[in-house]
Every structure is written in C-alpha cells, then in structure tokens.
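Residue strings, one per chain:
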Amino acid sequence: MARYVGPVCRLCRREGMKLFLKGERCYGEKCAIERRNVPPGQHGKGRKAKLIGYGLQLREKQRVKRMYGVLERQFRRYFETADRKKGITGEILLQLLESRLDNVVYRLGFATSRAQARQLVRHGHFLVNDRRADVPSYLLRAGDRVVVKPASAKNPAIQYAMEEVKGRGVPEWLELDGAGPSGRLVAVPTREQLGLPVQEQLIVELYSK
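Values in this document were obtained by computation on a predicted structure and should not be read as measured data. (Residues numbered from 1 in each chain as written. Predicted model: local features only at pLDDT ≥ 70, side-chain atom pairs only at ≥ 80, totals over all residues. Heavy atoms only, no water.)

1. Remarks on the environment of G180
Rules: Numbering of helices and strands runs from the N terminus, with a helix taken as a DSSP run of H or I at least four residues long and a strand as a DSSP run of E at least two residues long.
Looking at the secondary structure, you find G180 in the loop between β4 (174–177) and β5 (182–185). Here the alpha-carbon distance between G180 and V146, two residues 34 residues apart in the chain, equals 9.8 Å.

Right, here's the structure in full:
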C-alpha cells in the first residue's frame, strides 16, 4: 500500500499545527512548530493568503488525513461509512478514525507515534481479544481488549514508548493495565472527550458538494 515516507515535520508546518507525527520530539523544544512555524519551502514565509470556502475545507481534510496517516481513498471510505450511520457525520468520522487499532495502540502508549504503532501492528506484536491482529485499520468496538503479545513484551520500542508516555496517561475512553501490558476500549469516545483541534464540519461540507 502507498504510504507517505517523506519528512513529517514539514507536514505539521504546512498545516500550521502539531500533528504529533514524530513521537516524543513533538513534545519538546525540537518540534518544528516550536522552532519554525511557517509553511515549508523557499516561499513559505510569503504565504499569507487567507483561506476561505473550498481552501479552508481542503486544509481541514488534509490535517485530519495526515494526523491519522490515512490516504485519500481510505479516508473517503471512512466518510461514506460515517455518512450512512445515524448521528452527526463529522463526529462519527472522528470516532471511526479513533477506533483504528493503530490509533488505539498509540493512545494506550504502546507506541510513540501512530506511524510506529502501525508498524508494530503490522509485525504482529498485539492481540485483540486473544487473537492475533496485524491489520492497522482494524476497527475496535467497545469492550475490545488489546494485549501486547508475551513474546513482544520486552520489545525495546514498546518498552521505550511505555516509559516515555507514562506521565501523560491515557484518554478516559480507554483503560490501561500496565501489568499486562494491555488496554481496553471502554466506550466509543464522544466529541468532547476527543478534544481534537479540528473542525470536522468543514470536511463534511467538502465531501457533500
């Protein structure tokens, strides 16, 4: 599957906000947004045009896509799924993205970034409800349990991630059992619990044209 493999800090600079693509670097002084919060490229400082209409909607969609590491075709499928469900389409879209296995692994602190979580899942380091799961896009349901395989418990990347994120805790819609190590999706998160700095309604408007 195609995947962006270029420098990720430039993506944060392009969107003008932290997308947390670089793990612990995003929380320190070396974060690109902290050092140079201007769009990438030699003409970055001159890009001061105010976005309106389509441009605003497009940028919001790009932010969310890049935040979760999802490409256009898959992102559109998530939107179509959310649009068919009852409820607020934008909120359901974010809930679907947050329910991805790679995102839950990242949120539980078993990886320092979603990209690393995706790689660890691909390599088969996790079990979901006692079954091997190696598909990053697998959607978890309320009550599903994610466990680090016993053979992977001493994996340096997982151990480092758990130590680094120990002080930040996990979202209230997840439950972490460090002894396992394992975690559980307690419930599908509400929009208020997510607290993401995005305007999902702009994405709905973009795809509804």
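2. A few points about unusual backbone geometry
Test applied: Accessible area is worked out with a 1.4 Å probe on protein chains only. A residue is then buried under 20% of its type maximum, exposed over 50%, and partly exposed in between.
Backbone geometry places N129, a non-glycine residue, at a positive phi of 55°. You can call N129 partly exposed: its relative accessible area is 36%. Even without being a glycine, D130 presents a positive backbone phi close to 70°. Along the chain, D130 falls in the loop between β1 (126–128) and β2 (131–132).

3. As for the sheet that holds β1
Either a parallel or an antiparallel arrangement is found when strands of a sheet pair, and the pairing is made through backbone hydrogen bonds. Where we set the bar: Here, any two strands with at least 2 DSSP bridges between them count as paired.
The sheet built from 5 strands is open, its strands ordered β2-β1-β3-β5-β4 with antiparallel pairing. The strands lining the two open edges of the sheet, one partner per strand, are β2 and β4. Direction of pairing for β1 relative to strand β3 (residues 145–148): antiparallel, over a ladder of 3 bridges. Each residue of the ladder has a partner; that of V128, found in β3, is V146.

4. Topic: the environment of Y54
Counted only if it meets this: Between two residues, a contact is recorded if the distance between any of their heavy atoms is within 4.5 Å.
Structurally, the position occupied by Y54 is in helix α3 (residues 54–68). Considered as a pair, Y54 and E205 are 151 residues apart in the sequence and their alpha carbons are 9.1 Å apart. With residues up to four places along the chain from it excluded, the contact list for Y54 reads L206 and K209.

5. Some points on the packing of helix α4 (residues 72–84) against helix α5 (residues 89–98)
Stated formally: Structural elements are reduced to axes, namely lines fitted to C-alpha atoms, with helices fitted over the stretch in contact, and the angle between N-to-C directions of any two is expressed from 0 to 180 degrees. Here the word oblique covers every angle except those under 35 degrees (roughly parallel), over 145 (roughly antiparallel) and from 65 to 115 (roughly perpendicular). Handedness of a helix crossing follows the sense of rotation of the near helix relative to the far helix, less than a right angle counterclockwise being left-handed and clockwise being right-handed. Residues are sorted three ways: Asp, Glu, Lys and Arg are charged, Ala, Val, Leu, Ile, Met, Phe, Trp, Tyr, Cys and Pro are nonpolar, and all the rest, Gly among them, are polar.
Where α4 meets α5, the axes come as close as 8 Å, and the angle between the chain directions of the two elements is 125°. Taken together, the axes of α4 and α5 lie oblique to each other. In the packing of α4 onto α5, the handedness of the crossing is right-handed. Residues F75, Y78, F79, T81, A82 and D83 of α4 lie in contact with α5, whose contacting residues are T89, I92, L93, L96 and L97. Grouping the amino acids of the contact of α4 with α5 by side-chain chemistry returns 8 nonpolar, 2 polar and 1 charged.

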